Amino acid sequence: MHKKNIRFPRITLFFLLISLVLLCVFIQIEKRQSLNALPKAQAGIMDLTTWDFDKGGPLPLNGEWNYYEGELLLLDEIQTLEAELMIVPSTLNGKGKGTYHLQIQLPEAQSIYGLKINNIRMSHALFMDNEFIGGSGQEPFSNRYVANNTPYISFFHTDHATINLIVQVENRDFVDRGIIKPIYFGTQQTMMSYQSIQFGSSLGLIMILSLFSLYHLIVFAFRKKNRFFLYSGAYFFILAITLAVNGERVMLQIFPEIPFVMGFKIRDFFGFLTVIPFLLFINTLDYNPVSRKAFRIINLPIVLFLLLNITLPFSIYTKFQALMWVYVWVLLCYILIRMTVFILKKQGIQTEKDESILIYFAFICLTLYVAMNTFTLIKPVQLFHEIWMMPFILIIFIFMARRTTNVMELLEQSRSEGMLTKISYLNLQIKPHFINNAISNIISLCYTDNRKAAYLLGKLSTYLRLIFENNQQEATITFQKELELIKAYVEIEKTRFNDRIHVHFAIDENIQHVNIPSLSIQPFVENAIRHGLFNKLSQGNLFLSAKAIHDHLEVIIEDDGIGMSAQLLSELLSDQQRKGIGIQNVHNRLKMIPEASLEFSSIEGKGTTVIIQLPIQSNL
């Protein structure tokens, strides 16, 4: 009997998305009000004598700074000069140089403090009471200039209750200059926490986008007729690169040898390039908001700007940057209006209605983000426009999950078409809970152990690649590839279980290139870990051995987990049992191979042993 699909109530989805948008508006207003309530510099003096950094955290040094135009000065040199008051953060038009000065009155004298520099165009040197403590691009006490604007954090120790911060700023390339984003100030502990959160959240988001890009591009490799996955994968990849060289500029912090000018051009190139795959992605929907002819026309200015980015120095092409952001914003508004008309008229729409709603709200968030980003280019005020990128990405992820679910349902329906279709389905059957757990572990590690997070992401990438690498029309892979898949899976699960499990391998080197049925061993390893060792209170061990015995390959998977009863063991291999589909699939496939066998033995409280016998010479 055909089961009717249970859809998420459309009205509930609509109100959830409305609530998400309203939540972002509330957060934006709240952050703005909180920022206005913070202490501000007045007449070049920042009074922090009553500020508790442990409770209030780091503080932006916003307000009125003393500014000296046209000179790069030190504290001794500004004593006799008359300064003008400059609001920070702000911009000054054109090229040039100048010196910012702020006197800071501290709550305690002897302590270690830190400064987080976010965005100062286009080079600067940082001094605390005439002592050089940091910089980007500009070398102290010299006229050497190099454009550089990479975020960093600098610490210093002081014995004084009053300190003087000097920022020498110079710009010979960009259309404007100055302290563009707030400089954050705090104690060493609060600044370390602040930096970890900022860097870790940026790195985690980049990793997630990269993972989704890899997933969709691999799916497209096996479903070339469905360009939806190509455009979505390309969009996530380009967006990940854009975020890597924007904001915290994670790529430039991890790889400081990359010239800043190159990173700046990469940011602008990929930032505007995201528009093209996103429009292609939108056009895969059954209601095309942009015709093919219109698509070529509206993308022409973007393509021309990308050519300018490649061929011209960034000091020249950036003169058109603000104009291009205005153009992109107008373009998004036009498409948003077209989508609104289509949805209201309900004409010619074959796409699921809930998918239409998701894309519509995603477009609203993206349009608001671009609009606020464009406004901050014209006037550097803190609008916290980055907030709108999070719901946009979240909604797109939900949309992707909806589309991917449809694909998986089609694959499941095709299982009855034959043996090769079964294998293809198994190859594509990545369990959502496993990916979710892996991603959660990666995000957690981003805040505590970046190297381990990168290592775990590499293992998950290997796992996904190997799952999809085998051609859908081939029933076998080499033992070496199956083993590589198993090791990637094991490393991910070991991180999840805090290394409570230990896996031991004893593999005959001579069998690495022997062909075996694809995914014929990994499901048993997964079953041993998830059901045998997961519920064990103490440390667990899993032993995997493989060797050639005459003309047969013998594989043994053994664990010392909780084991299972004879009844449960019988049900596990039963065609009527719906749990353990992967093991049933392998069992059924092995039955079709002459001289192949599968043996299960288990003792409750002792563990489980699986023995697989495969003929080496047989054409599997």
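In what follows, the structure referred to is the one given above.
The text that follows walks through the structure, step by step, so that each part is easy to find. (Residues numbered from 1 in each chain as written. Predicted model: local features only at pLDDT ≥ 70, side-chain atom pairs only at ≥ 80, totals over all residues. Heavy atoms only, no water.)

This part is about helix H7 (residues 260-273). With 14 residues, H7 ought to run about 20 Å at 1.5 Å a step, and its terminal C-alpha atoms sit 20 Å apart, in line with that. In terms of burial, H7 is a largely internal element, 11 of the 14 residues being buried. Turning to H7, its buried residues are Phe260, Gly263, Phe264, Lys265, Arg267, Asp268, Phe269, Phe270, Gly271, Phe272 and Leu273. (Helix = DSSP H or I, 4+ residues; strand = E, 2+ residues; numbered from the N terminus. Expected span 1.5 Å × (residues − 1). Buried < 20%, exposed > 50% of the residue type's maximum accessible area, 1.4 Å probe, protein only.)

A sheet is described by the order of its strands in space; here three strands give the open sequence S5-S13-S8, paired in antiparallel fashion. A strand with exactly one partner marks an edge of an open sheet, and here the two such strands are strand S5 (92-93) and strand S8 (120-121). (Pairing = 2+ DSSP bridges.)

Right, let's get into the sheet that holds strand S20 (residues 597-603). The strand order across the open sheet formed by five strands is S16-S18-S19-S21-S20, and the pairing between neighbours is mixed. Both edges of this open sheet fall to strand S16 (501-507) and S20, since each of them pairs with a single strand only. Between one strand axis and the next, the sheet turns by 10° as a mean value, whatever way the strands run. This element, helix H17 (residues 479-496), spans S16, strand S18 (540-549) and strand S19 (552-559) of the sheet and lies at about 165° to S16. Lying on the sheet, helix H18 (residues 522-533) is in contact with S16, S18, S19, S20 and strand S21 (607-615); it crosses S18 at an angle near 155°. (Axes fitted to C-alpha atoms, helices over the stretch in contact; angles between N-to-C directions. Contact = heavy atoms within 4.5 Å.)

We now examine the side chain of Asn119. Within the element layout of this structure, Asn119 appears in the loop between strand S7 (111-117) and S8. A polar contact is formed between the side chain of Asn119 and the side chain of Asn149, at a distance of 2.5 Å. Among all residues touching Asn119, those that are not within four sequence positions of it are Asn149, Gly178, Ile179, Ile180, Lys181 and Arg249. (Polar contact = N/O pair within 3.5 Å; in protein donor to acceptor, adjacent residues only side chain to side chain.)

According to the stated counting rule, one finds 23 aromatic pairs in the structure shown. For the ring pair Tyr235 and Phe236, a centre distance of 6.0 Å and an interplane angle of 55° mean the geometry is tilted. Accessibility expressed as a relative area gives 1% for Phe236, which makes it buried. Looking at Arg267, its charged tip hangs above the ring of Phe264, at a distance of 4.4 Å from the centre. (Phe/Tyr/Trp six-rings, centres within 6.5 Å; stacked < 30°, edge-to-face > 60°. Lys NZ or Arg CZ within 6 Å of the ring centre and 35° of its normal.)

Core analysis: the biggest nonpolar cluster contains 134 residues, and Phe281, Phe392, Phe479 and Ile557 have the highest contact counts within it. In contact with Ile557, other than residues within four places in its own chain, are Ile521, Phe524, Val525, Leu542, Phe543, Leu544, Thr608, Thr609, Val610 and Ile612. Formed by 32 residues, the second largest nonpolar core is a distinct cluster that contains Ala41, Trp51, Leu92 and Met128. (Core = buried A, V, L, I, M, F, W, Y, C linked by side-chain atoms within 4.5 Å.)

Before going further, it helps to examine a nonpolar patch on the surface. Side chains of Leu300, Val303, Leu304, Leu307 and Ile310 sit close together on the surface and give an oily, nonpolar patch of about 450 Å² of accessible area. Positionally, Leu307 belongs in helix H9 (residues 292-311). When its relative accessible area of 46% is taken as the criterion, Leu307 is described as partly exposed. (Patch = residues over 30% accessible without salt bridge, like charges linked within 9 Å, V, L, I, M, F, W, Y side chains within 5 Å. Areas by Shrake-Rupley, 256 points an atom, 1.4 Å probe, with all protein chains shown as cover. Salt bridge = Lys/Arg side-chain N within 4 Å of Asp/Glu carboxyl O.)

Let's shift gears to the environment of Leu273. Structurally, Leu273 is set in helix H7. As a C-alpha pair, Leu273 and Leu239 span 34 residues in sequence and 8.9 Å in three-dimensional space.

None of the figures reported here should be taken as evidence of function without further support.
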